[in-house]
Amino acid sequence: MLKPIKTNKEHEEYLAKAYELMQMELEPNSKESDELEVISILIEAYEKEHFPIEPPNPIDAILFRIDQLGMKKNELKKYFGSRSRVSEILKGKRKLSLSMIRKINTELGISAQTLIKDYEIVN
């Protein structure tokens, strides 16, 4: 019987069971596929509580996203205004403005929660 995960040992057991189920060719809506779905939900809830992942630094998130999209850093001018402003922001010498955050969120699909995270300014 499935029950909430409360210990690291139970977490490891559920991970092993999920792995075992994922190795099978499961039919949709079968007992095993339903079990895998429930186990996945339990694992996710446990990990969210015990192993939280903080949003990345906004600059790191922007650099990662432009790399994913195959963009060049100088293409950020349309969001930041100028080449010098791009340089200042990427080097951590200037913070993102609200209008920049809105544009990046909309155009690059980076969450606002990540973009508004506080970060250090380099002097």
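Preceding this section is the structure that the text describes.
Bear in mind that the values here come from a model prediction, so they are computed numbers and not experimental data. (Residues numbered from 1 in each chain as written. Predicted model: local features only at pLDDT ≥ 70, side-chain atom pairs only at ≥ 80, totals over all residues. Heavy atoms only, no water.)

Brief notes about the nonpolar core
For soluble globular proteins, nonpolar side chains are generally found buried alongside one another. By size, the foremost hydrophobic cluster in this structure holds 19 residues, and its most contacted members are Ile 62, Leu 76, Phe 80, Leu 96, Ile 104 and Leu 108. Of all elements in the fold, only α3 (58-69), α4 (77-80), α5 (83-90) and α6 (98-108) reach the threshold of two or more residues within this core. Excluding anything up to four places from it in sequence, Leu 96 contacts Pro 58, Ile 62, Phe 80, Ile 89, Ile 101, Ile 104, Leu 115 and Tyr 119. Counting nine residues, the second largest nonpolar core, distinct from the first, contains Ala 18, Leu 21, Leu 42 and Tyr 46. (Core = buried A, V, L, I, M, F, W, Y, C linked by side-chain atoms within 4.5 Å. Buried < 20%, exposed > 50% of the residue type's maximum accessible area, 1.4 Å probe, protein only. Helix = DSSP H or I, 4+ residues; strand = E, 2+ residues; numbered from the N terminus. Contact = heavy atoms within 4.5 Å.)

Focus on the side chain of Glu 10
Locating Glu 10 in the fold gives a position in helix α1 (residues 8-22). Among the polar contacts made by the side chain of Glu 10, one reaches the main-chain amide nitrogen of Lys 6 at a distance of 2.6 Å. Glu 10 has contacts with Lys 3, Pro 4 and Ile 5, leaving out every residue within four places of it along the chain. (Polar contact = N/O pair within 3.5 Å; in protein donor to acceptor, adjacent residues only side chain to side chain.)

Points about α3
Taking 1.5 Å as the rise per residue, α3 with 12 residues should run 16 Å; its terminal C-alpha atoms sit 17 Å apart, in good agreement. Those residues of α3 that sit buried are Pro 58, Ile 59, Ala 61, Ile 62 and Ile 66. All buried residues of α3 project into a common sector of 160° when viewed along the axis, lining one side. Exposed positions of α3 whose direction lies more than 90 degrees from the buried face are Phe 64 and Asp 67. Those residues of α3 that are buried lie in contact with α4, α5, α6 and α7 (112-115). With a side-chain oxygen positioned 2.7 Å from the backbone nitrogen of Ile 59, the residue opening α3 is Asn 57. Two residues or fewer past α3, Gly 70 is found with a positive phi of approximately 70°. (Expected span 1.5 Å × (residues − 1). Arc of directions from axis to C-beta.)

Observations regarding the packing of α1 against helix α2 (residues 31-50)
Interaxial distance between α1 and α2 falls to 10 Å at its minimum, and their mutual angle equals 145°. Between α1 and α2 lies a crossing of left-handed hand. Counted together, Asn 8, His 11, Tyr 14, Leu 15, Lys 17, Ala 18, Leu 21 and Met 22 of α1 and Glu 32, Glu 35, Leu 36, Ile 39, Leu 42, Ile 43, Tyr 46 and Glu 47 of α2 form the full contact between these two elements. Its residues placed into classes, the contact of α1 with α2 shows 10 nonpolar, two polar and four charged. (Axes fitted to C-alpha atoms, helices over the stretch in contact; angles between N-to-C directions. Left-handed = near helix turned anticlockwise from the far one by under 90°. Nonpolar A, V, L, I, M, F, W, Y, C, P; charged D, E, K, R; others polar.)

Let's talk about the pattern of salt bridges
Enumeration according to the criterion identifies six salt bridges in this entry. In this structure, Glu 10 engages Lys 3 in a salt bridge whose closest nitrogen and oxygen atoms are separated by 3.2 Å. Residue classification places Lys 3 among the partly exposed positions, given a relative accessible area of 46%. Here Arg 94 ties to Glu 88 by a salt bridge, and the two come within 2.8 Å at their closest N and O atoms. Arg 94 sits in the partly exposed class, given a relative accessible area of 33%. On the accessibility criterion, Glu 88 (28% relative accessible area) is partly exposed. Overlapping salt bridges bring together Arg 85, Glu 88 and Arg 94 as one network. (Salt bridge = Lys/Arg side-chain N within 4 Å of Asp/Glu carboxyl O.)

None of this, on its own, says anything about what the molecule does.
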